[in-house]
Amino acid sequence: MQTPVNLFKQALHQQQAQIGLWMGLGNAVTTDICAGAGFDWLVIDGEHGPNDLTTLLAQLQTVAAYPNSHPVVRIPHHDPALIKQVLDLGATTLLVPMVDTAEQAAAIVQASRYPQDDGQGGIRGMAGTRASRWGRYPNYGKEANAQVCVLVQAETREALKNLDAIAATPGVDGVFIGPADLSASMGHIGNQTHPEVQAAIVDAMARIRKAGKAPGILMGDETLARQYLALGALFVAVGVDSMILSRQTSALAAKYKEGLTAAPATTKGQVY
């Protein structure tokens, strides 16, 4: 059997916009619900979500039942050993936070690639793992590099300063702008819509596109999300599972409690 094609990576290279959802609850049941919703890609968040390798695996297995939704695993840091482990679980697309330099980006690409005979490969260790379906993809070692998708996050002033070099790094498929951390780095913590932050995001997307790479972002505000798509963003997450649950449950409770009067007092059964 041939190693499966990473259709999400293919779509980005063909400049087809992908609409996604952030999943931070760390639970395979909620992942199952989200995976059936129709999103093109789903982030399994290992940076801020309560995930470990076991819960990541469970969610990758869950999403696999929904071939039209692609799982993207956000790892918590750049450690090559962790990159190897997550890829060995069967993830094919990684989202790596806090990438400030082209050197960091290049090291991430190297960690995600197997060594190749042409000397253009990386340092990923070889093993018969779930990624190769326990050896059932006989050419996985030679085919995997082409299917791994590397997305790096630019979310600081330093990253913006080095953005052209980061985006130009061979093997980087897309650059994700982290609006929350970026706004904090720019001195506007909690204010992602500040004009200075928005100007930086718009400029960053143009620079990423100029480098021939895919820009991405998370934005729950519909107006801004559509604006980013119009500017050429190619992978846009438009919501977060925990926030959807939080807001909708609060709204539902408030809907029925609003205007509710207290039950009339009664003396029946009372003892004086």
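Up top is the structure.
The rules we used
Residues take numbers from 1 onward in each chain, read along the sequence in its written order. Per-residue local features of the predicted model are confined to residues with pLDDT of at least 70, and side-chain atom pairs are confined, for both listing and counting, to 80 or more; whole-chain, interface and lining totals are unaffected and use all residues. The basis for every side-chain value is the complete set of heavy atoms in the structure, and neither hydrogens nor water enter the calculation. Helix and strand assignments follow DSSP, with helices taken as H or I runs no shorter than four residues and strands as E runs no shorter than two, numbered in order from the N terminus. The contact definition used throughout considers only heavy atoms, calling two residues in contact when any of these lie within 4.5 Å. The rule is simple: take the accessible area with a 1.4 Å probe, protein chains only, and divide by the maximum for that residue type; under 20% is buried, over 50% is exposed, in between is partly exposed. DSSP calls a pair of strands paired once it identifies at least 2 bridges connecting them. As a rule, the C-alpha atoms of each element are fitted with a line to give its axis, helices using only the stretch in contact, and angles between N-to-C directions run from 0 to 180 degrees.

Colleague: So what about the environment of methionine 1? Which residues, and what values?
Modeller: Topologically, methionine 1 is positioned in the segment before helix 1 (7-13). The spacing of methionine 1 and tyrosine 137 is 136 residues in sequence and 5.2 Å in space, taken between C-alpha atoms. When neighbours within four sequence positions are excluded, methionine 1 is seen to be in contact with Arg136, Tyr137 and Pro138.

Colleague: How would you summarise helix 4 (residues 80-88) if you had to cite specific residues and measurements?
Modeller: Taken together, the buried positions of helix 4 are occupied by Leu82, Ile83, Val86, Leu87 and Asp88. Turning to helix 4, the residues buried within the fold contact helix 3 (53-63), strand 3 (70-74), strand 4 (93-96), helix 5 (102-111) and helix 6 (140-147). Immediately downstream of helix 4, the backbone of glycine 90 shows phi near 115°, a positive value.

Colleague: Can you tell me about the sheet that holds strand 5 (residues 149-154), naming the residues and giving the values?
Modeller: The 8 strands are arranged 1-2-3-4-5-6-7-8 in a closed barrel whose pairing can be described as parallel. The mean angle between the axes of side-by-side strands here comes to 25°, regardless of whether they run parallel or antiparallel. Where strand 6 (residues 174-177) and strand 7 (residues 214-218) come together, 4 bridges link them in parallel fashion. By the bridge assignment, valine 175 is partnered in strand 7 with proline 215.

Colleague: So what's going on with unusual backbone geometry? Residues and values would help.
Modeller: One non-glycine residue, methionine 98, adopts positive backbone phi at about 50°. In this fold, methionine 98 is placed in the loop between strand 4 and helix 5. Look at methionine 98 and you get partly exposed, because its relative accessible area is 32%. Positive phi, normally seen in glycine, also occurs at arginine 133, with a value near 55°. Along the polypeptide, arginine 133 turns up in the loop between helix 5 and helix 6.

Colleague: I'd like to hear about the environment of alanine 214, residue by residue, with values.
Modeller: Considering the arrangement of structural elements, one finds alanine 214 in strand 7. With a relative accessible area of 2%, alanine 214 lands in the buried category. Spatially, the C-alpha atoms of alanine 214 and histidine 13 are 7.6 Å apart, while their sequence positions differ by 201 residues. Alanine 214 has contacts with Leu12, Asp173, Gly174, Val175, Ile208, Leu234 and Phe235, leaving out every residue within four places of it along the chain.

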